[in-house]
Amino acid sequence: MSEAENFQLVRPFSKKCAAVAVPPGSKSVTNRAMVLSALRGGETVLRGALFSRDTEIMSDCLRSLGFVSERDSAARTFRIAPSGKKPEAAKLFVGNAGTVARFASALVATFDGGEFIFDSDDEMKVRPMKGLLEALKEQGSEFEFFEREWSFPFKMSPRGLKGGTLALDASVSSQILSAILMVGAFAKSPLDVVLSGETVSRPFVDMTIKMMESFGFGLDEISKSRFSNFRRIEPSVGEFYDVEPDATAAGYFGALPVVAGGACFIAGLKKDSLQGDSAFFDLLQESGIARVDKLDEGFIVSSETRDISPREFDFKDISDTFPTLAAIAPVLGGKISICGIGHTRRQECDRVSTVAENLRALGTKVDEKEDSLSVYPNPDIAKISGPVEIKTRFDHRMAMSFAVLGCFEGFDSKPRVKIEDPKCVSKTYPNFFDDLDSVRESSEKFRIVAVDGGAAVGKSSVSKACSKTLGYLHVDTGAHYRTLTYGLLEEGILPSDENGVSERLASFTLGTAVENGSARMTLNGRVVPDELIRTKTINSSVSIFAAMQSVRSFVKKYQTSMADFAKSEGFGGLIMEGRDIGNAIFPNADVKIFLCADEATRAARRAKEGISDSISERDKLDSTRKISPLKCAEDAVKIDTSKLSKDEVVARALAEIVKS
Ligand code: DC
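Let us look at the structure shown here. (Residues numbered from 1 in each chain as written. Predicted model: local features only at pLDDT ≥ 70, side-chain atom pairs only at ≥ 80, totals over all residues. Heavy atoms only, no water.)

1. Remarks on the overall build of the protein chain
Note the threshold: Numbering of helices and strands starts at the N terminus; helices are DSSP runs of H or I of at least 4 residues and strands are runs of E of at least 2. Here the term buried applies to any residue with accessible area under 20% of the maximum for its type, exposed to any over 50%, and partly exposed to those in between, with areas from a 1.4 Å probe on protein chains only. Contact between two residues is taken to exist if any of their heavy atoms lie within 4.5 Å; hydrogens are not considered. Charge counting follows a simple rule: Lys and Arg are positive, Asp and Glu are negative, and His as well as the terminal groups are ignored. A charge is said to be at NZ when it belongs to Lys, at CZ for Arg, at CG for Asp and at CD for Glu.
Looking only at helices and strands, the protein chain has 24 helices and 31 strands in total. With respect to the principal axes defined by its C-alpha atoms, the protein chain has extents near 100 × 55 × 40 Å. Per-residue burial over the protein chain gives 57% buried out of 660 residues. Within the protein chain, contacts between residues at least 6 apart in sequence are counted, and of these 76% link residues at least 24 apart. In the protein chain, 86 positive and 93 negative side-chain charges are present, and the distance between their average locations comes to 2 Å.

Put into structure tokens, the structure is as follows:
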């Protein structure tokens, strides 16, 4: 590979992040779901599954064991079903996949008869199997080892699981315990599993137990080291099972809005995630580094202020995600201290020192200790003319973490970092750089967003908040009608004088001033201040003027020109709020959001603002007029804001915008 090919240049975002990320499925969940689908019988389609060497190996093993296992990589599904044929003999290759090595041997142990040859990569031959194979032997299976005792390759002659009390040593791998738990319900007499020591990585055992319940396998956890009463229960999974995205991979897109600004919708993440690393999102939210809203279809992560005070975090339980936070720490306002990471010095590389080395190369001050790292703010990060070379040491997590930092907004688009050996990401996320590119591309798309609804449904506050987060121009069209109403009334034109209105409009000159990210209409060269356009008098006549053809045509031309205005001012998009934006002004808007709320809620909101407003009368006039009445567009997303907080509505609206 040439020098050029062996580096990945990372282009900074030229616009704030506004995109959807679809990280790959979790490997642990995919492989458990495959085994549990096979065990429960019937047909299961796993959606959002990971396609990687380890999951392909699991799929091949299932096929060798008499199951249908069909992959559709475009749809990201595996279909698992019984084939009707139970093999008497098979050769199984488990590669270096710990889950396959352990789960497939336990699955074979449930067979009554036959001979199965297992083989593996050399690396797997030295990984722990003894505790599991001893237990399966005790339960009735016979083994013949071809090289070393209790390791691959071997021949297994299963005789089913006899049940009774089983002493299990899962002290070196929680997968040994997970394997036994998954097949426990198939024992011929009730099984009682007693651990002879503690097991490591308890979160993975919890993942197994929760997934077993979904697939219809129950058990009682008598204590941390004793499991019994294995039984079949009503499964909650039907024909389909949605594999969660990999939470660690998802974390890179959680960190992205912190450096690039904006918001990223991470599809498929679940509130009650099975994966321990999903706690990274709670950390982002609780520390104030980002805002995380957990919606039904995924999480929307949006930028908050980077100006946070110094913070300390213990990453012991989510150590795979520490490089993600450490790499973005230079853009934050306070020192970030991370402890509980000493053991990561012995992972794919010495992660603590490699993260520190890369941060220093970027001119960032770092304090490194055996078990911790403190990263200081680096206000000069935007000035790096780079590209600085990021050392990955064949570690996928170094590559992905620093690629996120490389996205730090830079309006010159010059790469600040180049990632060494970018192919190392294939270990868990082969398409990472492609996915990052499509998130960048989607963020650069200029979107027109229509937000419609009646009075006091929350249009303004939601539109302003979304505009601020995404760097879009906000336009309140209600203020346009109010400004014109003020101008007309000031000149003595009454709402009853339609001819006078059109004559006078012809003498008005409109312009635009931008204040805090919002466009304000200027009338004859000046912005009419809020206190003059939000009066009782204006409230009671604005809807009458707004219903006139002459007023609407006059305003429409001005409003449609706002898209070009927003582009020319460098905004990433346009959010226009009103009554007829989705139907009349921008019928081809990229997203249409229609807000509504019950009467009592709206009245209470106005009262809180101290505004006397005839909401229902105005709504009646606005929705019954002949021209451009207030109406939910057919293709709009309707959100009832009555029982939602402002932040909840903003989160939903942001998700709809970035999805478009
Ligand atoms: O959003 P608002 O309450 O400030 O709007 C004031 C009035 O302006 C509203 O009662 C009807 C009119 N309007 C309209 O007819 N079409 C729009 N797109 C926005 C407002």
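2. Observations regarding the nonpolar core
Rule in force here: Nonpolar cores were defined as sets of buried Ala, Val, Leu, Ile, Met, Phe, Trp, Tyr and Cys residues, with membership established by side-chain atoms within 4.5 Å.
Membership of the largest hydrophobic core comes to 74 residues, with the highest contact counts inside it found for Phe118 and Tyr241. The element contributing the most residues to this core is helix α3 (residues 98–109), with eight residues. Residues in contact with Tyr241, not counting those within four places in the same chain, are Val29, Ala33, Thr44, Val45, Leu46, Arg47, Met211, Phe215 and Leu274. Core analysis: the next-biggest nonpolar cluster, separate from the first, contains 72 residues, Phe281, Val331, Phe402 and Val439 among them.

3. Let's talk about the packing of helix α2 (residues 53–64) against α3
The condition is simple: Angles shown run from 0 to 180 degrees and are taken between the N-to-C directions of axes, each axis being a line fitted to C-alpha atoms and, for helices, limited to the stretch in contact. Oblique is the label for any angle not under 35 degrees, not over 145, and not in the 65 to 115 range, which are roughly parallel, roughly antiparallel and roughly perpendicular in turn. A crossing counts as left-handed when the near helix is turned anticlockwise from the far one by less than a right angle, and as right-handed when that turn is clockwise. Basically, the charged four are Asp, Glu, Lys and Arg, the nonpolar ten are Ala, Val, Leu, Ile, Met, Phe, Trp, Tyr, Cys and Pro, and anything else, Gly included, counts as polar.
Packing of α2 against α3 brings their axes to within 10 Å, and their N-to-C directions diverge by 20 degrees. The angle between α2 and α3 places the two elements in the roughly parallel class. Between α2 and α3 lies a crossing of right-handed hand. On α3, the residues touching Asp54, Ile57, Met58, Cys61 and Leu62 of α2 are Thr99, Val100, Phe103 and Leu107. Taken together, the residues that form the contact of α2 with α3 break down as seven nonpolar, one polar and one charged.

4. Concerning the environment of Ser189
Inclusion rule: Polar contact is defined as a pair of N or O atoms within 3.5 Å, subject to the rule that within protein one atom must be able to donate a hydrogen and the other to accept it, and that residues adjacent in sequence are counted only when both atoms are side-chain atoms.
Note that Ser189 resides in the loop between α6 (174–183) and β11 (191–195). Linking Ser189 and Arg579, residues 390 residues apart in sequence, is a C-alpha distance of 69 Å. Contact partners of Ser189, with chain neighbours within four places excluded, come to Lys162, Gly163 and Gly164. Of the polar contacts made by the side chain of Ser189, one reaches the backbone oxygen of Lys162; its length is 2.7 Å.

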